[in-house]
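So the chains spell out like this:
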Amino acid sequence: EGMALPQRIFFPPEEICMDWQQRQRPGAGLCNLGSTCYINVILQCLTYTPPLANYLLSRDHSQLCHRQGFCMMCIMEAHVRKVLHSSASVIWPRAVVRDLKFIGEEFEPDMAGDAYEFLRCALEAMQRACLSGSSEVDISSQTTTIIHQIFGGFLKSRVTCWRCQAVSDSYKAFLHVLLDIKASSSLTKALEDFVTSKKLDGKYCLKCSKCEKKVTASKRVTVHHVPKVFTVCLERAADHTGKKISKIVEYPEYLDLRPYMSDPAGEPLLYSLYALVVHSGDTCLDGHFFCYTKASNGLWYKMDDESVDNCGIHAVLRQQAYLLFYAR
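Computed from a predicted structure; not experimentally measured.

A. Region of the structure containing the nonpolar core. In terms of nonpolar packing, the biggest core is built from 64 residues, with Met-73, Phe-118, Ile-147, Val-277 and Leu-323 touching the most fellow members. Ranked by residue count, the leading element in this core is helix 7 (residues 115–131), at 11 residues. If near-sequence neighbours (up to four positions away) are discounted, Val-277 is found in contact with Val-41, Ile-42, Cys-45, Ala-115, Phe-289, Phe-290, Cys-291, Ala-321, Tyr-322, Leu-323 and Phe-325. The next biggest cluster of nonpolar side chains, apart from the first, holds 35 residues, and it includes Leu-187, Phe-230, Ile-245 and Tyr-271.

Right, here's the structure in full:
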């Protein structure tokens, strides 16, 4: 609807398996190689994303990959196999740190970084690896890679002119959603605010194609197509100074995305929390990252660099969460 059909399908969605194909105890902790806790938490959350882990453990990518040099999918494949299949209790994520500049130019091995930025860059690097060797791929086909089939959805943006009531719709693919929490005490309230219509006037006026002049309008963004894995960042940076919003924002173990859809009528779209990242520290520019993940045995673990400790769901739901990962 309003979007061109892909000219080719990189990965068929029906081949994605949302349940763990192998059940086992949690894998290894990750050694902190200086200031790499922001990298470790994202590697752990991706390792415990069932559809991604299933695919990486199948070695489907590396068997067909002809890429010379850096390939994020090959690196992730080797990393996930090592974490989940090694008998070691701690492993060194050396390959990721060694190739950090290829994942994102802003990252330095001995400098602290932001977990959300690393997630963003890691997913984009995996996406580039999936498209490698395929030149001139149309936009719609780019959203059919294994990465988009797992993490990707579409947002719909509807702009309504207040003068002539003309409506214009546009669509945008997403792999994660950034939510403003300044006025929200819960994830559901932040999502409600996200899909609430906003007034565009003054310097935000848009040109109406029907009136052919700049007009006051309203804009409403909704989730048009849901992803299999819904990844949310709760924006904790109060401003550019690095001031941090440290309040607790409640989040549920089970989340229904139906109320935030372009079409809110219909069956619930239920998601289950399986990982979250926590930032501890007074400002966004320093501090420490650790995470909680649900292993394939169905139990929760707190993962703090080298340590992997069993914990209950009550502890998981009481955190000052920064990133939340939900699976259909």
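B. Structural detail: the side chain of His-148. Position of His-148 relative to the elements: it lies in helix 9 (residues 146–151). Apart from the residues within four sequence positions on either side, His-148 is in contact with Gln-127, Gln-142, Thr-143, Ala-173 and Leu-175.

C. Looking closely at empty space enclosed by the protein. If you walk through the whole model with that rule in mind, you get 2 cavities of 30 Å³ or more. Along the walls of the largest cavity sit Leu-30, Cys-37, Asn-40, Val-41, Gln-44, Phe-289, Cys-291, Met-303, Asp-304 and Asp-305, which together make up its complete lining. Among the elements that take part in the lining of the largest cavity, helix 1 (residues 37–47) stands out by supplying 4 residues, more than any other. In terms of residue class, the lining of the largest cavity is built from 6 nonpolar, 2 polar and 2 charged. Taken as a whole, the second largest cavity spans an internal volume of roughly 30 Å³. Here the residues of the lining of the second largest cavity sort into 3 nonpolar, 4 polar and no charged.

The rules we used
Residues numbered from 1 in each chain as written. Predicted model: local features only at pLDDT ≥ 70, side-chain atom pairs only at ≥ 80, totals over all residues. Heavy atoms only, no water. Core = buried A, V, L, I, M, F, W, Y, C linked by side-chain atoms within 4.5 Å. Buried < 20%, exposed > 50% of the residue type's maximum accessible area, 1.4 Å probe, protein only. Helix = DSSP H or I, 4+ residues; strand = E, 2+ residues; numbered from the N terminus. Contact = heavy atoms within 4.5 Å. 1 Å grid on protein atoms, 1.4 Å probe; cavity = no way out; pocket = protein on both sides within 12 Å on 5 of 7 lines; lining within 4 Å. Points joined across faces, edges and corners; volume = space filled by probe spheres on them. Nonpolar A, V, L, I, M, F, W, Y, C, P; charged D, E, K, R; others polar.

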